[in-house]
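# Residue-level structural notes
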Amino acid sequence: MTRSRASKPASVAITPQRMDFAFENVPRHWFAGDPVVTHFLNALSLTFPDGERFFVDSVRAYRDRISDPVQQKEISGFIGQEAMHSLEHNSFNEMLSAQGYEKEARGGQSLARKLIAAGQARMSKRMQLHATAALEHITAILAYRLLSDPALVNRMDPSVRDLWIWHAIEETEHKGVAFDLLMEVAPDYRDRVRTQLAASLALASYTTQYTWAFLKRDGIHRRPLVLARGLWRLFGINGLVSRTLPMWLRYFRPGFHPWEVDDSHLIAQWRHVLQEEKLASAA
Ligand SMILES: [Fe+2]
Ligand SMILES: [Fe+2]
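Described below are features of the structure shown in this document. (Residues numbered from 1 in each chain as written. Chains lettered and ligands numbered in written order. Predicted model: local features only at pLDDT ≥ 70, side-chain atom pairs only at ≥ 80, totals over all residues.)

### Some points on the overall build of the protein chain
To keep it simple, the criterion reads: Where helices and strands are cited, they refer to DSSP runs of H or I of at least four residues and of E of at least two residues respectively, numbered from the N terminus. The reference for a compact globule is 2.2 Å times residues^0.38; the radius of gyration itself is calculated from the C-alpha atoms.
From N to C terminus, the protein chain includes ten helices and zero strands. Mapped in sequence order, the helices and strands of the protein chain form the string α-α-α-α-α-α-α-α-α-α. Rg of the C-alpha trace for the protein chain: 18 Å, near the compact-globule value of 19 Å for 283 residues, within the 12% margin.

Structure (structure tokens):
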């Protein structure tokens, strides 16, 4: 649903939750047995622990400019949620090391850390907040892509599925926080466009590099049919990534706001699924 003056629906709360995922018996190709899609998502996960700490630092640097207690509460929720995402993806990445991808997992995380440190040294606080809002848009549209297509969720192995559902739910809950702060303190449109293009390019080149590194470790780089099938699943018609493109473009509209698409029904729907699964596993 498109709203004319967008803001977070009152029904959406931004509440951090500790999950303590165990990640037991995870198959190497946990997404539909497909190495390409699995490793694309693995490569994304390598960026999360440090990436989310960067988001928190960028938002913290400006929170003292906000006097509205509601917005302050949302910022606290955002910081708490991102801190939990860092922890859980850290354990996911350790699981990848234990699966035999130690070189890739450690190398990828160390490269992400270096790139982020270089970005923090080079960019002003303003531009860091712009980069955060830009990357938060990307996480929000990937979250929407996942939660709005149960077939995608069902292709994930149950050993890791809840991590991705939980992360996607929380990214949706707090998708407006960094953007709202940006609009208060540094709303320059040209900077917004420039930073989204640069951030998207950096993320695309990083994920390409590390998806390929994982694939090489498996020897899949020499299997053109497997590569072609995986690339089609990512970038073909109805692909995981290709279908996010129209939403990615929305960021370039001058009047854009993350909540102009109200996907809060997906939060309620998937929170319910997680709750049911928790009850089933406790029984
Ligand atoms: Fe996150
Ligand atoms: Fe986020």
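### Focus on unusual backbone geometry
Within the chain, Ala-32 stands out as a residue other than glycine whose phi angle is a positive 55 degrees. Relative to the helices and strands, Ala-32 is located in the segment before helix H1 (35-60). Look at Asn-238: it is not a glycine, yet its phi comes out positive at around 65 degrees. Structurally, Asn-238 is set in the loop between helix H8 (224-235) and helix H9 (245-250).

### Here we look at the packing of H1 against helix H7 (residues 189-218)
Put simply, the rule is: Lines fitted to C-alpha atoms define the axes, with helix axes restricted to the stretch in contact, and inter-axis angles between N-to-C directions lie between 0 and 180 degrees. Geometric relationships in this document are graded by angle, where less than 35 degrees denotes roughly parallel, more than 145 denotes roughly antiparallel, 65 to 115 denotes roughly perpendicular, and other angles denote oblique. In a left-handed crossing the near helix is turned counterclockwise from the far helix by less than a right angle, and in a right-handed crossing that turn is clockwise. Throughout, a residue-residue contact means that the two C-beta atoms, derived from backbone geometry, are no farther apart than 7 Å. Here the term charged refers only to Asp, Glu, Lys and Arg, the term nonpolar to Ala, Val, Leu, Ile, Met, Phe, Trp, Tyr, Cys and Pro, and the term polar to all other amino acids, Gly among them.
Two elements in contact, H1 and H7, have axes separated by 8 Å at closest approach and are oriented at 125 degrees. Comparing the axis directions of H1 and H7 gives the class oblique. Where H1 crosses over H7, the two elements pack in a sense that is right-handed. Facing Pro-35, Val-36, His-39, Phe-40, Asn-42, Ala-43, Leu-44, Leu-46 and Thr-47 of H1, the residues of H7 in contact are Tyr-206, Thr-207, Tyr-210, Thr-211, Phe-214, Leu-215 and Asp-218. Its residues assigned to classes, the contact of H1 with H7 shows ten nonpolar, five polar and one charged.

### A look at the nonpolar core
Applicable threshold: One nonpolar core equals one set of buried Ala, Val, Leu, Ile, Met, Phe, Trp, Tyr and Cys residues connected by C-beta atoms within 7 Å. Field definition: a residue is buried when 20 or more other C-beta atoms are found within 10 Å of its C-beta, exposed when 12 or fewer are, and partly exposed for counts in between, with C-beta atoms placed from the backbone.
Among the nonpolar cores identified, the biggest contains 57 residues, and Val-59, Ala-143, Trp-164, Ala-168, Ala-178 and Leu-181 are the most heavily contacted of them. Looking at this core, the elements with two or more residues in it are H1, helix H2 (69-122), helix H3 (125-147), helix H5 (158-173), helix H6 (177-185), H7 and helix H10 (264-282). Of all the elements, H3 adds the most residues to this core, at 13 residues. Residue contacts for Ala-178: discarding those within four places in its chain leaves Phe-55, Val-59, Leu-129, Thr-132, Ala-133 and Glu-136.

### Observations regarding the environment of Arg-65
Tracing the sequence through the fold places Arg-65 in the loop between H1 and H2. For Arg-65, a count of 9 C-beta atoms within 10 Å translates into the label exposed. Counting along the chain gives 73 residues from Arg-65 to Ile-138, while the straight-line C-alpha distance between them is 25 Å. With near-sequence residues (within four places) excluded, Arg-65 lies in contact with Glu-184 and Val-185.

### Concerning H3
For clarity, the cut-off: Multiply 1.5 Å by the residue count of a helix minus one, and that product is the helix's expected span.
Its 23 residues give H3 an end-to-end C-alpha distance of 32 Å, which sits within 8% of 33 Å, the value for a rise of 1.5 Å per residue. Of all 23 residues making up H3, 19 are buried, and the element is well covered by its neighbours.

### Quick look at the environment of Asp-218
With respect to the element layout, Asp-218 can be found in helix H7. Overall, Asp-218 belongs to the partly exposed group, with 17 C-beta atoms counted inside 10 Å. The spacing of Asp-218 and Trp-164 is 54 residues in sequence and 23 Å in space, taken between C-alpha atoms.

### Side note on the packing of H1 against H3
Where H1 meets H3, the axes come as close as 9 Å, and the angle between the chain directions of the two elements is 130 degrees. By the angle between their directions, the pair H1 and H3 is classed as oblique. Both H1 and H3 take part in a crossing whose hand is left-handed. For the pair H1 and H3, the contacting residues are Gly-51, Phe-55, Ser-58 and Val-59 in the first and Gln-128, Leu-129, Thr-132, Leu-135 and Glu-136 in the second. Taken together, the residues of the contact of H1 with H3 sort by class into four nonpolar, four polar and one charged.

### A short note on the environment of Arg-192
Relative to the helices and strands, Arg-192 resides in helix H7. For the pair Arg-192 and Ser-67, spaced 125 residues apart in the sequence, the C-alpha separation amounts to 24 Å.

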